[in-house]
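For reference, the chains in residue letters:
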Amino acid sequence: MKGSIRKRFLSLCMALLMVLSLTTGISITSLAADKDIVVLYTNDVHCGVDENIGYAGLALYKKEMLAQTPYVALVDGGDAIQGAPIGTLSDGGYLIDIMNKVGYDFAVPGNHEFDYGMPRFLELAGKLNCGYYSSNFMDLRTGSAVFAPYKMFTYGNTKVAFVGATTPESFTKSTPTYFQDGSGNYIYGFCEDESGKKLYTQIQTSVDQAKAEGAEIVVLVGHLGENGTTDQWTSDRVIKNTTGINAVIDGHSHEVYNKYVKNKDGKDVLLNQTGTKLKNIGKLTIKTDGTITGEMVTKVPEGVVASTYTVKKGDTLSRIAKKELGSYHRYREIYDSNRGAIKDPNVLTVGSQLVIPAKSSVTTDGKAIDYDTDRYIKAIQSQYNETLKTVIGHTDTELTVNDPATGNRAVRSGETNLGDLCADAYRLVLGADIGLSNGGGVRANIKAGNITYNDTLTVFPFGNMGCVAEVKGQQIKDALEMASKNYPKESGGFLQVSGLTYTIDSKVPTNVQVDEKGNFLKVNGAYRVSDIKVGGTTLDVNKTYTVASHNYMLKSGGDGLTMFKGSKVIRDEVITDVDLLSSYIRNQLGGNVGNDYANPLGQGRISIK
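These figures come from a predicted structure and were not determined experimentally.

Enumeration according to the criterion identifies 22 aromatic pairs in this entry. Measuring from ring centre to ring centre gives 5.9 Å for Phe114 and Phe190, while their planes differ by 75°; the resulting arrangement is edge-to-face. Taken together, the residues Phe114 in the loop between strand S4 (106-107) and helix H5 (118-127) and Phe190 in the loop between strand S9 (188-189) and helix H7 (197-212) connect sequence positions 76 residues apart. Side by side, Phe114 and Phe190 carry an identical accessibility label, which is buried. Ring centres 5.3 Å apart and planes at 85° place the aromatic pair Phe153 and Phe162 in the edge-to-face group. Here Phe153 matches Phe162 in class, with each residue buried. Through successive ring pairs, a cluster of aromatic residues spans Phe114, Phe121, Tyr132, Phe137, Phe147, Phe171, Phe179, Tyr186, Tyr188 and Phe190.

The N-to-C vectors of helix H4 (residues 93-102) and H5 enclose an angle of 20°; their axes lie 10 Å apart at closest approach. As the angle between them shows, H4 and H5 are arranged roughly parallel. For the crossing formed where H4 meets H5, the hand is right-handed. Across the interface between the two elements, Gly93, Ile96 and Asn100 of H4 pack against Arg120, Leu124 and Lys127 of H5. Looking at the contact of H4 with H5, its residues break down into two nonpolar, two polar and two charged.

Residues of H5 that are buried include every one of Met118, Arg120, Phe121, Leu124 and Ala125, and no others. Taken around the axis of H5, the buried residues stretch over an arc of 160°, which confines them to a single face. Residues of H5 that are exposed and point over 90 degrees away from its buried face: Pro119 and Gly126. Looking at the buried side of H5, the elements it contacts are H4 and S9.

Counted residue by residue, strand S3 (residues 72-76) has five buried out of five residues, so it is predominantly covered. Where burial is concerned, the two faces of S3 agree: the one with Val72, Leu74 and Asp76 and the one with Ala73 and Val75 are both buried. Pairing analysis gives five bridges linking strand S2 (residues 37-42) to S3, with the strands arranged parallel. Considered in S3, the bridge of Tyr41 is made with Val75. Where the polypeptide runs from S2 across helix H2 (residues 54-66) and back to S3, its parallel neighbour, the crossover connection is right-handed. Relative to S4, S3 runs parallel, the two being bridged by two bridges. If you follow Asp76 over to S4, its bridge partner there is Ala107.

Reading across from one edge, S22-S20-S32 is the order of the three strands in this open sheet, with mixed pairing throughout. Every other strand in the sheet has two partners, leaving strand S22 (449-452) and strand S32 (592-593) as the edge strands with one partner each. Bridging between strand S20 (residues 391-395) and S32 involves two bridges; their strand directions are parallel. Pairing of His394 across the sheet is with Asn592, part of S32. Sheet strands touched by helix H17 (residues 577-588): S20, S22 and S32. Its angle to S20, the strand with the most contacts, is close to 65°.

The sheet built from three strands is open, its strands ordered S6-S5-S9 with antiparallel pairing. For this open sheet the edge positions go to strand S6 (144-145) and S9, each flanked by a neighbour on one side alone. Relative to S6, strand S5 (residues 138-139) runs antiparallel, the two sharing two bridges. When the sheet's bridge partners are listed, Asp139 is paired in S6 with Ser144.

We now examine unusual backbone geometry. Residues Tyr487 and Pro488 are joined by a peptide bond in cis, for which omega reads 10°. By secondary structure assignment, the location of Pro488 is in the loop between helix H15 (473-484) and strand S24 (495-498). The phi angle at Cys191 is positive, at roughly 60°, despite the residue not being glycine. With respect to the helices, strands and loops of the structure, Cys191 is situated in the loop between S9 and H7. For Cys191, a relative accessible area of 14% translates into the label buried. Although it is not a glycine, Asp559 adopts a positive phi angle of roughly 60°. Along the chain, Asp559 falls in the loop between helix H16 (551-554) and strand S31 (568-571).

What counts, and where the lines are drawn
Residues numbered from 1 in each chain as written. Predicted model: local features only at pLDDT ≥ 70, side-chain atom pairs only at ≥ 80, totals over all residues. Heavy atoms only, no water. Phe/Tyr/Trp six-rings, centres within 6.5 Å; stacked < 30°, edge-to-face > 60°. Helix = DSSP H or I, 4+ residues; strand = E, 2+ residues; numbered from the N terminus. Buried < 20%, exposed > 50% of the residue type's maximum accessible area, 1.4 Å probe, protein only. Axes fitted to C-alpha atoms, helices over the stretch in contact; angles between N-to-C directions. Parallel < 35°, antiparallel > 145°, perpendicular 65-115°, else oblique. Left-handed = near helix turned anticlockwise from the far one by under 90°. Contact = heavy atoms within 4.5 Å. Nonpolar A, V, L, I, M, F, W, Y, C, P; charged D, E, K, R; others polar. Arc of directions from axis to C-beta. Pairing = 2+ DSSP bridges. Right-handed = clockwise from strand over helix to strand, strands pointing away.

Pasting the structure below:
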């Protein structure tokens, strides 16, 4: 037994060397906590429950940290409950269940937490055991924050405050009407303005309140982001315009960083983000001397955390192994860990306590996971997996959102073959002159081979409804200009097109003016977009065209595309986006996505100069 445990402990130590870490050197006055405080964090999981490290791996790692110190917190930086079928089919409910199973202590709402509508989100918030926190998500009818702005934790005699913040981009990166009343008046807000001062002031107020309550350390958990985010609302800008924050856990932009940013007083603040879909687990360690270090955990070591089991009537070692560790063949591990208590491995005393060496296992692809959490997730998945396996077509080439040369996401700043496919689906299934698909709404690749309903639902997980509107050519020109204003940086509103071609002149600076919420107002100067053609003919700004897209864009002004609001809708919410895409592949293409979509960079509908 001792030899087995020693080997597993050495294995753990070796595996911990695979953790990519950055020691920041930031030091605060020595703390009263007698052991290290460990803060584990995730962001932008987007329903990737078993991707990369996965929630079962996260659950195991949390247990491993609790074996080292009693002071462990697990926090989430938003956008957890949307992004894949497991979220879509439950309106986020399954993700809340899994987060409760893993044991989160603090969470902030990201923009995509609102994607199932405000009533549903507030219902889900009441079901999340740890609750949601946000200092700047406001009920404009009362002038008060919807949730508590921060939560205080006490470790030994040390108080640590987690302050929440949600991007004001939620207006345009979710559905604007979700924040309005029936008359179109905004009843929810995020302390937004064109300068960013309202956001900075609101966060600063919450930080000051937490410190007045006794917080020695303040961690801002913000769904704010950097690259592709509105400049005044980035995490970097928040740090530069505030004081008293010791570290920032970030999300929203799907980046990986672990760096310093100087605050308003010139002091270093640690800024971290883990990427997306549990590619990493973030880890802040607050040491007893006050030093804060940051790490990206890229691989979870196989667990050495033991638990106990009470023998029941009819139990055998193999049955216990199956029940607790997932495999009959692991009975030897239980026997080896209980040699002092088991005289005969074939005879177990009912009521006796056995040590289960580690309720973890290693998957066929080498991932260490917590067995109970993995079993819990698989039970949820089994409820809908058969439907998702339905084959609707085939593709010989990968349909991608990425640049094949770099592997980086491209669909939010350029044309891709999957973007073309999605825009074509809107135009041809709904019957319109033009099809538009926002790059931020095209969420995942489709691999070469059979295409299943799961694939199309992963591409279009939002449940948007297909619509057709009659719009003037000028509105189309303004929409393309608004969508291209960030180029070469990303924009979730970047438009993939069908039945239309256009050119972006990157040398022309953007002249788009937006309001304090990021909504389009006008173009005050030269346009970046030119050579716009519909069906091969130059766009007529005074002509009426039919445009097919979804309710988020055409009716709700999503991504700030307010130029379409109020247009005559001639086909209103006739089919969900996922069924529209599935129908296009199965019916219009005859189940085969062919050579027209072979080039990952698309068919040349969008030109850059």
